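Survey of secondary and tertiary structure
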Amino acid sequence: IEQVRRAVGKGLNVQQTDDGRFLISGQAAVRPLEVEIVDHIPIDAKAFEKAYGRKPTDEEKRRGASGVYLDGKIQISVHGDQFTIDHEFTHALIEAGVISYADARAILRSAGVDTRKVKRSNIRDYEEQIAAHIEDVRMDRAKPRTLAGRVIQKVLDFIDGLVNLVHRTARGVVRDID
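Just so we're clear, the structure is a prediction, and the values are computed from it rather than from any experiment.

A few points about the overall build of the chain
Across its full length, the chain holds eight helices and five strands. When the helices and strands of the chain are placed in sequence order, the string is α-β-β-β-α-α-β-β-α-α-α-α-α. In terms of C-alpha radius of gyration, the chain reaches 17 Å, essentially the compact-globule figure of 16 Å for 178 residues. Reported as C-alpha extents along the three principal axes, the dimensions of the chain are approximately 45 × 40 × 35 Å. A separation of at least 24 residues holds for 46% of the contacts in the chain among residues at least 6 apart in sequence.

Notes on the side chain of glutamate 88
Within the secondary structure, glutamate 88 is located in helix α4 (residues 82-96). For the buried glutamate 88, which has no salt bridge, the nearest side chain bearing the opposite charge is arginine 124, at an N-O separation of 11 Å. With residues near it in sequence (within four places) discarded, glutamate 88 still touches Gly67, Val68, Tyr69, Ile74 and Ile76.

A short note on the pattern of salt bridges
Evaluation of the coordinates by the stated rule reveals eleven salt bridges. We note a salt bridge from glutamate 36 to lysine 73, for which the minimum N-O separation is 3.1 Å. Taken together, the positions of glutamate 36 in strand β3 (residues 33-38) and lysine 73 in strand β5 (residues 73-77) put the pair 37 residues apart, joining distant regions of the chain. Among the ionic pairs, aspartate 86 bridges to arginine 138, the shortest N-O distance being 3.5 Å. Here arginine 138 lies in helix α6 (residues 127-142) and aspartate 86 lies in helix α4, a separation of 52 residues in the sequence.

Brief notes about the nonpolar core
Counting 30 residues, the largest nonpolar core has Ile24, Ile99, Ile107, Leu108 and Ile130 as the members making the most contacts within it. Mapped onto this core, the elements with two or more residues apiece are α1 (2-8), β2 (22-25), β3, β5, α4, α5 (101-110), α6 and α8 (170-177). With five residues, α4 is the largest single contributor of residues to this core.

About the thresholds
Residues numbered from 1 in each chain as written. Predicted model: local features only at pLDDT ≥ 70, side-chain atom pairs only at ≥ 80, totals over all residues. Heavy atoms only, no water. Helix = DSSP H or I, 4+ residues; strand = E, 2+ residues; numbered from the N terminus. Rg over C-alpha atoms; globule rule 2.2 N^0.38 Å. Contact = heavy atoms within 4.5 Å. Buried < 20%, exposed > 50% of the residue type's maximum accessible area, 1.4 Å probe, protein only. Lys, Arg positive; Asp, Glu negative; His and termini not counted. Salt bridge = Lys/Arg side-chain N within 4 Å of Asp/Glu carboxyl O. Core = buried A, V, L, I, M, F, W, Y, C linked by side-chain atoms within 4.5 Å.

Spatial relationships are all this shows, so hold off on functional conclusions.
Below is the structure:
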């Protein structure tokens, strides 16, 4: 339950049901979300190819997906972790409109995507890249750091906070989600 709480951030209520599912509610959730831990999630080959630009390997098909989000329900396989929850929760935030168009463009720009091609009408085509990049940024922020590393991170966060006053950045979006 603590991993789920860390993944969804502050301001949301997380409860575990008797059958092991997690229910997430609160103002930022827009609608209640359900998180379920499962043994295996089959890979949707079409969605995989769209997200990664290639077909899944036999090994990836055998292992299955780490997580999936659909219609207010997040499923995490036993291979998933806190960052898988981050990734799938991002899909819920995009669907709910919590991540704005400007936020999405900032994330995609940070991920190296040519944002000239990104339009309001096709933003959902980039959803997997947005979720993957937020997952990567949160993984990087969670890495253990020395005292000097933590001080440098605080300075970078402060500078990024100032930059975000006039220009949205991916780090600013992730900090807001936190």
